[in-house]
Amino acid sequence: HLQTGMRETVLSLFRRLWRRVGSLPAERRAAALAELRQGFRANIHASDPVEVAKLVQRASSKLAFLRMVTPTPRGEMGAGTGIYVMRDGQLRQGRADAVSAARHSAYDATNIDPDALARHRRLVERQHFGRRS
């Protein structure tokens, strides 16, 4: 029989494969689940550590392939991701303090916004309006 640590690794790998195969399209799912069950049952009595390591490696490569060809299951998307910032020399989860980088404009709807007017002039010039050739 397997050592406790290896047994947990194999069971975890089986569960992850099961979830991944479950997200395959319906027409492929039944055959893939049967193949998964049969593959693990055929090797249930493997006890040689080298042989078990090879089987685990082969199952891991199948899982990696399934990750590439199947959509990400719900709940896995964004697992382990987040927004992090450096504060006081340490990486912490959270957002940075807001810093206003926008230029201040005196535009208050009663006068012409100088930024909008400058943009308008650039566009008119770029489109060659008002040029006499």
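About the criteria used
Counting from 1, residues in each chain are numbered in the order their sequence is written. Per-residue local features are limited, in this predicted model, to residues with pLDDT of at least 70; the limit for side-chain atom pairs, both in listing and counting, is 80 or more; totals at the level of whole chains, interfaces and linings are taken over all residues. Heavy atoms from the whole structure form the basis of all side-chain values; hydrogens and water molecules are not counted. The helix count covers DSSP runs of H or I at least four residues long, the strand count covers runs of E at least two residues long, and both are numbered beginning at the N terminus. Only protein chains enter the accessibility calculation, which uses a 1.4 Å probe. A residue is then buried if its area is under 20% of the maximum for its type, exposed if over 50%, and partly exposed in between. To measure how exposed things are, a 1.4 Å probe is used in the Shrake-Rupley method; for residues, cover is taken only from the protein chains shown. Interaxial angle, 0 to 180 degrees, is taken between N-to-C directions of lines fitted to C-alpha atoms, where a helix line uses only the stretch in contact. Under this scheme an angle from 65 to 115 degrees is roughly perpendicular, one under 35 degrees roughly parallel, and one over 145 degrees roughly antiparallel; angles in between are oblique. Contact criterion: two residues are considered in contact whenever any of their non-hydrogen atoms come within 4.5 Å of each other. Three classes are used: nonpolar for Ala, Val, Leu, Ile, Met, Phe, Trp, Tyr, Cys and Pro, charged for Asp, Glu, Lys and Arg, and polar for all others, with Gly counted as polar. Centre distance within 6.5 Å is the pairing criterion for rings of Phe, Tyr and Trp, where only the six-membered ring of Trp is used; planes under 30 degrees apart are then read as stacked, over 60 as edge-to-face, and the remainder as tilted.

K.L.:
I keep staring at the overall build of the chain and nothing clicks. Help me out?
P.N.:
Summing up its helical and strand segments, the chain has four helices and two strands in all. Listed by position from the N terminus, the elements making up the chain come as α-α-α-β-β-α. Relative to its 133 residues, the chain shows a buried fraction of 14%. Counting only carbon and sulfur atoms, one obtains 53% of the accessible surface of the chain, whose full area is about 11,400 Å².

K.L.:
Would you explain the packing of helix 1 (residues 4-22) against helix 2 (residues 26-42) in this entry?
P.N.:
Describing two packed helices takes the angle between their axes plus the distance from one axis to the other. In contact at an axis separation of 9 Å, helix 1 and helix 2 are set at 170 degrees when each is read in the N-to-C sense. Considering their axes alone, helix 1 and helix 2 lie roughly antiparallel with respect to each other. Each of V10, F14, L17, W18, V21 and G22 in helix 1 lies in contact with helix 2, whose residues at this interface are R29, A32, L33, L36, R37 and F40. When the residues that make up the contact of helix 1 with helix 2 are grouped by side-chain class, the tally is nine nonpolar, one polar and two charged.

K.L.:
Explanation requested: unusual backbone geometry in the structure shown.
P.N.:
Positive phi outside glycine occurs at D88, with the angle close to 55 degrees. Residue position: D88 is located in the loop between strand 1 (84-87) and strand 2 (90-93). Take D88: its relative accessible area is 72%, and that puts it in the exposed class.

K.L.:
Sorry if this is basic, but what is going on with the packing of aromatic side chains here?
P.N.:
Pairs of aromatic rings are described using the distance from one ring centre to the other and the angle between the two planes. Under the definition given, this model contains two aromatic pairs. Look at F14 and W18: their rings are 5.9 Å apart centre to centre, the planes differ by 35 degrees, and that puts the pair in the tilted class. With F14 and W18 both in helix 1 and four residues apart, this pair spans about one turn of that helix. A relative accessible area of 33% places W18 in the partly exposed class. Note on F14 and F40: the rings are 4.9 Å apart at their centroids and 75 degrees apart in plane angle, and the pair reads as edge-to-face. Placement of F14 in helix 1 and of F40 in helix 2 is noted, with a sequence separation of 26 residues between them. Here F40 falls in the partly exposed class, since its relative accessible area comes to 23%.

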